[in-house]
Amino acid sequence: MGTLTREAAAREGAAAFFAGGESVNANDHHAAKIYHPGSLLSVEDLSVADVAEILATTSELEAMDVSARAKVLERRTLALLFYESSTRTRTSFELAAKSLGATTTLVSDKSSSIEKGESLKDTGLTLRALGAEAIVLRHPASGAPELLARVTGLPVLNAGDGMHQHPTQALLDLRTILLRLKRDAARVTADTLHGVTVVITGDIKHSRVARSNAMLLPRLGAKVILCGPEELLPEEASDLLAGNELPSGAGLEIVRDFDAALARADVAMMLRIQKERLLGTALDLGEYVKRYQLNEARLAQYPKLLVMHPGPIIRGLEIAGEVADSPQSAIEEQVAQGLAVRRAVLVRALGVRQ
Ligand code: NCD
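Analysis parameters
- In this convention, every chain numbers its residues from 1, walking through the sequence in written order.
- Since the coordinates come from a predicted model, pLDDT governs what is reported: local features require at least 70, and pairs of side-chain atoms require 80 or more to be given and counted, while whole-chain, interface and lining totals use all residues.
- For the purposes of this entry, the term helix denotes a DSSP run of H or I that reaches at least four residues, the term strand denotes a run of E that reaches at least two, and both are numbered from the N terminus.
- Any residue whose C-beta has 12 or fewer other C-beta atoms within 10 Å is treated as exposed, any with 20 or more as buried, and any in between as partly exposed, C-beta atoms being built from the backbone.
- Here the rule is simple: two strands pair whenever DSSP picks up at least two bridges between them.
- Only the stretch in contact is used when fitting a helix axis, every axis being a line fitted to C-alpha atoms; angles between N-to-C directions are given from 0 to 180 degrees.
- A set of buried residues qualifies as a nonpolar core if it consists of Ala, Val, Leu, Ile, Met, Phe, Trp, Tyr and Cys joined through C-beta atoms within 7 Å.
- The split of the chain into domains comes from an automatic or database domain assignment.
- Residues are treated as contacting if the C-beta atoms built from their backbones sit within 7 Å of each other.
- Contact assignment follows one rule, namely that a residue is near a molecule or strand if its backbone-placed C-beta atom lies within 6 Å of it.
- Polar here means any residue other than Ala, Val, Leu, Ile, Met, Phe, Trp, Tyr, Cys and Pro, which are nonpolar, and Asp, Glu, Lys and Arg, which are charged; Gly is therefore polar.
- Relevant arc is that of directions from the helix axis to the C-beta atoms, nothing else.
- Handedness of each helix crossing follows the sense of rotation of the near helix against the far helix: counterclockwise by less than a right angle gives left-handed, clockwise gives right-handed.
- Think of it like this: strands point away, you trace from the first strand over the helix to the second, and a clockwise trace means the crossover is right-handed.

Turning our eyes to something else, we now look at the environment of R291. Residue placement: R291 occurs in helix α13 (residues 285-292). By the C-beta count within 10 Å, which is 16 here, R291 ends up partly exposed. Considering only alpha carbons, one finds R291 and D257, 34 residues apart in sequence, at a separation of 7.8 Å.

Put into structure tokens, the structure is as follows:
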């Protein structure tokens with residue numbers, strides 16, 4: 001991580017994921033001003049109006065004729081810079097860009113000078129010199145996208161940084177929920193998710209997906225319940241939205257009992273469990289599965305519950321295979337919405353629409 005600024009390194013170090021939250025917030029609020037306005041670094045940079053505009057553009061692009069859509073970013077160049085493995089995020093950004101007619105190039109840590117120790121800054125400057133007009137970045141260090149945006153001046157799209165943010169995941173999850181619950185996905189307001197309760201369950205402490213969703217959905221009216229054992233969900237998580245004015249009925253709370261949380265939920269967002277995260281905790285895998293797995297018996301009690309998972313899925317651990325494959329599951333729709341929403345984010349980044 002020698003390439004990162006002291007400020008970013010401090011964030012990572014502080015990364016007591018949630019404890020680091022405040023300084024990250026304070027910095028991110030300036031992001032829109034210092035960085036290229038097409039950048040998407042954190043959901044905190046997005047006003048409700050910005051979210052509405054991105055989802056409206058998503059719907060417009062979806063409705064377009066395929067050949068007309070393939071001209072939207074014609075002769076534009078996008079670089080995908082991936083320092084961590086990824087299936088859904090990388091592929092959907094790439095296919096989204098290509099479906100709009102853009103040229104893409106993928107640079108990953110396994111096949112580039114990154115492997116030889118080249119810094120993030122030099123890699124970014126190289127991509128810019130080669131004509132990249134925007135960079136999609138996934139990086140294991142929180143704050144890396146800010147650094148890249150600052151040194152290149154290009155629009156940078158955060159495709160996941162450390163335990164910090166994964167803004168396009170939260171946007172695609174939002175669109176998936178709106179479509180499944182038959183709410184207007186093209187006209188988002190601060191009340192769009194009024195009356196909707198989303199329970200996010202699993203390794204929340206280490207999850208940028210949980211963090212981005214927990215910070216976005218309540219601002220659109222949802223009640224978000226965070227669920228999991230102490231080891232994977234510190235009490236401080238309930239402060240994630242401190243300082244935000246929320247629409248009535250919206251909010252963030254912690255419920256440790258999964259069954260109690262499910263009884264109140266419209267949507268269950270499950271997160272991947274890495275076995276090694278449980279090592280050294282009081283909880284063993286069997287106990288975790290018993291208390292927190294979304295299994296058939298639990299699902300049977302809630303026939304209207306919408307099941308979501310950002311992937312990668314560990315079948316038989318956080319979610320039973322039958323549940324992932326059930327008609328109540330929107331997991332594949334989430335992937336498809338990733339393609340749709342990322343098109344809009346790319347159009348926004350490259351400045352075709354304001
Ligand atoms: C996740 C990620 O990489 O943040 N997946 C995704 O992008 N859809 C979640 C994970 O790795 O568990």
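The rest of the description comes next.
The strand order across the open sheet built from five strands is β7-β6-β5-β8-β9, with neighbouring strands paired in parallel fashion. At either end of the open sheet lies a strand with only one pairing partner, and these are β7 (251-254) and β9 (306-308). With strand direction ignored, the average angle separating the axes of adjacent strands in the sheet is 20 degrees. Judged from the four bridges that link them, strand β6 (residues 223-227) and β7 form a sheet pairing that is parallel. Along β7, the bridge assignment pairs V224 with L252.

Looking now at the nonpolar core. I135, V198, I200, L226, A268 and L346 are the most contacted members of the largest nonpolar core, which totals 100 residues. Among the elements that take part in this core, helix α16 (residues 331-349) stands out by supplying seven residues, more than any other. Each of domain 1 (6-166 + 336-349) and domain 2 (167-333) contributes no fewer than three residues to this core. With residues near it in sequence (within four places) discarded, I135 still touches A79, L81, G124, L127, L148, T152, L154 and V156.

Turning our attention to the site of the ligand. The ligand sits among R88, T89, G160, H166, Q169, R208, V209, R272, P310, G311 and P312. Every element with two or more residues in the shell around the ligand is listed here: α6 (88-99) and α10 (208-216). Split into classes, the residues belonging to the shell around the ligand amount to three nonpolar, five polar and three charged.

A few words now on helix α7 (residues 120-129). Looking only at α7, the buried set comprises L120, T123, G124 and L127. Looking down the long axis of α7, one finds its buried residues gathered within 100 degrees of arc, a one-sided arrangement. Against β1 (77-82), β2 (103-108), β3 (134-139) and α8 (144-152) lie the buried residues of α7. Taken from the residues just after α7, G131 is the one with a positive phi, measuring 105 degrees.

A separate point is unusual backbone geometry. Residue G311 is joined to P312 through a cis peptide bond whose omega torsion reads -10 degrees. Tracing the backbone shows P312 in the loop between β9 and α15 (321-324). Of note, the phi angle at R75 is positive, near 60 degrees, even though the residue is not glycine. Its place among the elements puts R75 in the loop between α5 (66-69) and β1. With a phi close to 55 degrees, K182 is a non-glycine residue in the positive phi region. Of note, K182 is situated in the loop between α9 (167-180) and β5 (197-201). A tally of 7 C-beta atoms within 10 Å means that K182 is categorised as exposed.

Spatially, four strands are ordered β2-β1-β3-β4 in an open sheet, and the strand pairing comes out parallel. A single partner strand is all that each edge strand has here, and the edge strands are β2 and β4 (156-161). Between one strand and the next, the sheet's axes are offset by a mean angle of 15 degrees, whatever the strand orientation. Summarising the sheet, β1 and β2 pair through six bridges and their orientation is parallel.

Moving on: the environment of T152. Summarising the element assignment, T152 is placed in helix α8. For the pair formed by T152 and T126, sequence separation is 26 residues and the distance between their alpha carbons is 9.5 Å. The residues contacting T152, other than those within four sequence positions of it, are G124, L125, R128 and I135.

It is worth spelling out the packing of α9 against α16 at this point. Between α9 and α16, the shortest axis-to-axis distance is 8 Å and the interhelical angle comes to 120 degrees. Read as a crossing pair, α9 and α16 show a hand that is right-handed. The residues of α16 that touch α9, namely those facing T168, L171, L172, D173, R175 and T176, are E333, Q334, Q337, G338, A340, V341, R342 and V345.

A few words now on the environment of I319. Relative to the assigned elements, I319 resides in the loop between β9 and α15. Take I319: there are 29 C-beta atoms within 10 Å of it, and that puts it in the buried class. Separated by 23 residues in the primary sequence, I319 and E296 have C-alpha atoms spaced 9.1 Å apart. Here I319 is in contact with M270, Q293, L294, H309, I313 and A324, once residues within four sequence places are set aside.

So, on to the pairing of β5. For β5, a buried count of five out of five residues is recorded, marking the element as mostly surrounded by other parts of the structure. The two faces of β5 match: T197, V199 and T201 on one face and V198 and I200 on the other face are all buried. Pairing between β5 and β6: five bridges, direction parallel. Looking at the pairing, V198 lines up with V224 of β6. Taken together, β5, α10 and β6 form a β-α-β motif whose crossover is right-handed. Summarising the sheet, β5 and strand β8 (residues 267-270) pair through four bridges and their orientation is parallel. For V198, the partnering residue across the bridge sits in β8 and is V267.

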